[in-house]
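Descriptive analysis of the structure
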Amino acid sequence: MLSKLKIILLLITFIFIWSCGDKTKKISEIEEVDMEMQMSSAYKEGYFELQRGDALLAAKKFNEAELLFPQSPWAAKSAIMAAYAYYTQDYYSDVIFELERYLVTYPNHKDKVYAHFLLGMSFYEQIVDEKKDLKSILDSKEQFETIIRDYSSTEFAIDAKFKLDLINEVLASKEMYIARYYLKKTKWIPALNRFKTVVKDYNTTIYTEEALHRLVEINYRLGLIDESKKYANTLGYNYQSSDWYKNSYKVFNKNYRDGVKELQKDKKKKIGLIKRFKGLFE
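Residues numbered from 1 in each chain as written. Predicted model: local features only at pLDDT ≥ 70, side-chain atom pairs only at ≥ 80, totals over all residues. Heavy atoms only, no water.

1. Thoughts on the overall build of the chain
Scanning the chain from terminus to terminus reveals twelve helices and zero strands. Listed by position from the N terminus, the elements making up the chain come as α-α-α-α-α-α-α-α-α-α-α-α. Taking all 282 residues of the chain together, 37% fall into the buried category. In the chain, the share of contacts with a sequence separation of at least 24, taken over all contacts with a separation of at least 6, comes to 55%. Accessible surface, the chain as shown: approximately 18300 Å² in total, 57% of it carbon and sulfur. (Helix = DSSP H or I, 4+ residues; strand = E, 2+ residues; numbered from the N terminus. Buried < 20%, exposed > 50% of the residue type's maximum accessible area, 1.4 Å probe, protein only. Contact = heavy atoms within 4.5 Å. Areas by Shrake-Rupley, 256 points an atom, 1.4 Å probe, with all protein chains shown as cover.)

2. Some thoughts on the pattern of salt bridges
Taken as a whole and assessed by the stated rule, the structure comprises 17 salt bridges. Here K200 and D201 are joined by a salt bridge, their closest N and O atoms 3.3 Å apart. Owing to a relative accessible area of 65%, K200 belongs among the exposed residues under this scheme. We classify D201 as partly exposed; its relative accessible area is 43%. Ionic pairing is found between K246 and D243, a salt bridge with its closest N-O pair at 3.9 Å. Residue K246 and its partner D243 are located together in helix α11 (residues 243-251), separated by three residues, close to a single helical turn. (Salt bridge = Lys/Arg side-chain N within 4 Å of Asp/Glu carboxyl O.)

Structure, rendered in structure tokens:
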């Protein structure tokens, strides 16, 4: 009799636990469905606002969608869409923040390549010219190089290569700008090193010909004739029909006109004109 009572008690306990567990499971499922519906609604609102042109509200709604249901596959997409919303209105610092957070939070997401591209473009759009800070240029270059290295088969890689060519032009122009400054100041070694950098690292840019010619000039001036001839031969082999090669050929001619002195004379003429112009108002 006692054993039967035990069995009955155990059966009642099991039924109670099972019914509670089933109830908890149903509540959990209902909550999850509810959260997914809220996320879907927030995402749709964000997309609607983006189409309407309100980027800030759209980004806010996409962020809300991500937070509502972070374990959903749509959470990562919401993070990217928030970044894109900011990008449409040139809020680059917000774009960068969102995308860097996305890359840390969702390191294996399928749309990583797009995130790298949008991040690269956000840095790229802030490039001003060769005289400004290089940080945005270098950050942009890093993102596009990542795409070419890790996602070479994607359509983004094609555009990344084009952007890299433009970035290299800017970086080369920066080197040339500084090198010409040193040249005018007759600081031969710093100028020499800058022109060498252009030839070594940016030899596909439009500045290579002039850089080679300046290396011919400076080495000749320093008495390094063989080194000067080496650069002249390189220039002739690659750019024989160019004006820079013709100028380099003249370096070894007794009628050679010193290009550095010409630059300095030109500078003195400009200073003289400025002084004369200023004198008209005194």
